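Residue-level listing of the chains:
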Amino acid sequence: APTPSREAIEAAVPQFVGHKQPQLPADLGFYDLRVPEVLRRQVALARRYGIHGFCFHYYWFGGKRLMEQPLELFLDQRDLDFPYCLCWANENWTRRWDGREQDVLISQQHGPENDLAFIRDLERHLRDPRYIRVDGRPLLVVYRASLLPDPAATVERWRRHCREAGIGEIFVAMAQFDVEDPTALGFDAAVEFPPHKLAKGFDRINDTLDVVNPAYEGSVFHYQSIVDSAKSWPDKGFPLVRTVFPGWDNEARRPGKGYTFAFSTPARYRDWLEFAVSYAQSHPVAGESIVMINAWNEWAEGAKLEPDARHGHAYLEATRQVLAAGERPDGGPGR
């Protein structure tokens, strides 16, 4: 997602005792994703800790790509032999970066012609040998499926085009934002995208905190509460990819008004990831055990696996240990 400037990230300050701000990078520092060496270092780091591949947000608005240079660079660097897939961030682009209607900067266009233009634009990715496949089918994720006027019709247009273009069958998943069941909208599977869904109805813990900013208007929740919510969420029978996050705090994006899951630790994160891996093994999606992590480098929302100045490689190491322990002993599918 679009991120604040380096200055905004560095300027974030703690709003309560125990608030982990600012969140600053360690090994990789502040970087420019248009530089090939930066991508190479990220791939090397991800591979070292057992990450299977990257899922890039894809910003496409009625034929116009935005923030595409890092992905274009990745696509062009054929020797970067690392799996990847795309998630279409199909919300309107707003000044607050929340997809709502206030201060729309660039709006999405939805309809049959746009559907076909979009899937044609993706062909070069869907054909790439590095592109992640589920049951042999290229994986495409849609962030807000319910924003499509007729989601099932859109997905069918994509499927038909890919067959006719020689790509074959595709695997289309939707992030769980305001709809849970993917089959109702014509999708093959759902992907959790916490804190969406899992944090619904949570009570703030602001009144239990020692708030140091009298003007603070943010909302604080305990990280353990979303771990507990994930573990207790009922299996509803449709294919579901579980997702975890190492942390969540968008204070840098919304100073004094952030949305924060406080008191994340590598141990609590590891506990959540262990649950997700166990679920994936017992609930394979199209024969494959898949878990996603939100996110690799979303510094503006405090959701990142990249090393930071406070925890170093602790979250990456927890990830490596859990994934290593969860590898299928029979050599079967899993990632």
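Since we're looking at a predicted model, the values are computed, not measured.

**Observations concerning the overall build of the protein chain**
Piece 1. In terms of regular secondary structure, the protein chain is built from eight helices and 16 strands.
Piece 2. Over its C-alpha trace the protein chain gives a radius of gyration of 20 Å, about what one expects of a compact globule, namely 20 Å for 335 residues.
Piece 3. With respect to the three principal axes, the spread of C-alpha positions in the protein chain is 60 × 50 × 45 Å.
Piece 4. Here the protein chain holds 335 residues, and the buried ones make up 50% of them.
Piece 5. Considering only intrachain contacts with a sequence separation of at least 6, the fraction spanning at least 24 residues in the protein chain is 72%.

**Topic: the sheet that holds strand E12 (residues 248-249)**
Piece 1. Ordered by their spatial adjacency, three strands build an open sheet running E10-E13-E12, and the pairing between neighbours is mixed. The sheet terminates laterally at strand E10 (219-222) and E12, the two strands that pair on one side only.
Piece 2. By the bridge criterion, four bridges tie E10 to strand E13 (residues 259-262) in an arrangement that is parallel. Bridging across to E13, Val-220 finds its partner in Thr-260.

**Remarks on the packing of helix H2 (residues 36-48) against helix H3 (residues 69-76)**
Piece 1. Remark: H2 packs on H3, axes separated minimally by 10 Å, with the N-to-C direction vectors making an angle of 75°. Put simply, H2 runs roughly perpendicular to H3. Along the contact surface, H2 presents Pro-36, Leu-39 and Val-43, while H3 presents Pro-70, Leu-73 and Phe-74.

**A closer look at the packing of aromatic side chains**
Piece 1. Applying the stated criterion to the full structure yields 30 aromatic pairs.
Piece 2. Plain terms: the ring middles of Phe-74 and Tyr-84 are 5.2 Å apart, the flat faces sit at 70° to each other, and that makes the pair edge-to-face. Separated by ten residues along the polypeptide, Phe-74 in helix H3 and Tyr-84 in strand E3 (residues 84-88) bring together distant segments of the chain.
Piece 3. You can call Phe-74 buried: its relative accessible area is 0%.
Piece 4. Classification of Tyr-84 as buried rests on a relative accessible area of 0%.
Piece 5. Ring geometry for Tyr-84 and Tyr-131: centres 5.3 Å apart, planes at 80°, overall edge-to-face. Placement of the pair is Tyr-84 in strand E3 and Tyr-131 in the loop between helix H4 (112-126) and strand E6 (133-134), with a sequence separation of 47 residues. Here the two residues Tyr-84 and Tyr-131 agree in accessibility, since each one is buried.
Piece 6. Over the ring of Tyr-279 we find Arg-242; its NZ or CZ atom is 4.2 Å from the centre of that ring.

**Describing H4**
Piece 1. The terminal C-alpha atoms of H4, which comprises 15 residues, lie 20 Å apart, in line with the 21 Å expected from a rise of 1.5 Å per residue.
Piece 2. If you check which residues of H4 are buried, you get Asn-114, Asp-115, Phe-118, Ile-119, Asp-121, Leu-122, Glu-123, His-125 and Leu-126.

**Describing helix H6 (residues 223-232)**
Piece 1. Among the residues of H6, those classed as buried are Tyr-223, Ile-226, Val-227, Ser-229 and Ala-230. Along the long axis of H6, the arc covered by the buried residues comes to 160°, so they all point the same way.

**Here we look at the environment of Thr-94**
Piece 1. Structurally, Thr-94 can be placed in strand E4 (residues 93-94).
Piece 2. Classification of Thr-94 by relative accessible area gives buried; the value is 0%.
Piece 3. Linking Thr-94 and Tyr-31, residues 63 residues apart in sequence, is a C-alpha distance of 25 Å.

**A few points about the pattern of salt bridges**
Piece 1. Considering all chains together, one arrives at 25 salt bridges under this definition.
Piece 2. With its nearest N and O atoms 3.1 Å apart, the salt bridge here joins Glu-274 to Arg-270. Pair noted here: Glu-274 and Arg-270 are both in helix H7 (residues 266-282), with a separation of four residues, about one helical turn.
Piece 3. Note on Arg-270: relative accessible area 28%, which makes it partly exposed.

**Some points on the nonpolar core**
Piece 1. Membership of the largest hydrophobic core comes to 81 residues, with the highest contact counts inside it found for Trp-158 and Trp-272.
Piece 2. When neighbours within four sequence positions are excluded, Trp-272 is seen to be in contact with Pro-194, Leu-198, Tyr-223, Ile-226, Val-227, Ala-230, Thr-243, Val-244 and Phe-245.
Piece 3. Core analysis: the next-biggest nonpolar cluster, separate from the first, contains six residues, Ile-205, Leu-209, Tyr-216 and Ala-262 among them.

**A word on the environment of Val-142**
Piece 1. Examined against the element boundaries, Val-142 turns out to sit in strand E7 (residues 137-142).
Piece 2. With a relative accessible area of 0%, Val-142 lands in the buried category.
Piece 3. Sequence separation of Val-142 and Gln-108 is 34 residues, and the distance between their C-alpha atoms is 13 Å.
Piece 4. Once residues lying within four places of it in the same chain are set aside, the contact partners of Val-142 are Cys-87, Trp-88, Asn-90, Trp-158, Ala-173, Met-174, Ala-175 and Phe-187.

**Looking at the confidence of the model for the protein chain**
Piece 1. Confidence in the prediction for the protein chain averages 93 pLDDT; 94% of positions are at 70 or higher.
Piece 2. Residue range residues 329-333 is modelled with pLDDT below 50. Its contacts to residues more than four positions away, or to other chains, number four contacts.

Analysis parameters
- Residues numbered from 1 in each chain as written.
- Predicted model: local features only at pLDDT ≥ 70, side-chain atom pairs only at ≥ 80, totals over all residues.
- Heavy atoms only, no water.
- Helix = DSSP H or I, 4+ residues; strand = E, 2+ residues; numbered from the N terminus.
- Rg over C-alpha atoms; globule rule 2.2 N^0.38 Å.
- Buried < 20%, exposed > 50% of the residue type's maximum accessible area, 1.4 Å probe, protein only.
- Contact = heavy atoms within 4.5 Å.
- Pairing = 2+ DSSP bridges.
- Axes fitted to C-alpha atoms, helices over the stretch in contact; angles between N-to-C directions.
- Parallel < 35°, antiparallel > 145°, perpendicular 65-115°, else oblique.
- Phe/Tyr/Trp six-rings, centres within 6.5 Å; stacked < 30°, edge-to-face > 60°.
- Lys NZ or Arg CZ within 6 Å of the ring centre and 35° of its normal.
- Expected span 1.5 Å × (residues − 1).
- Arc of directions from axis to C-beta.
- Salt bridge = Lys/Arg side-chain N within 4 Å of Asp/Glu carboxyl O.
- Core = buried A, V, L, I, M, F, W, Y, C linked by side-chain atoms within 4.5 Å.
- pLDDT = per-residue confidence, 0-100.

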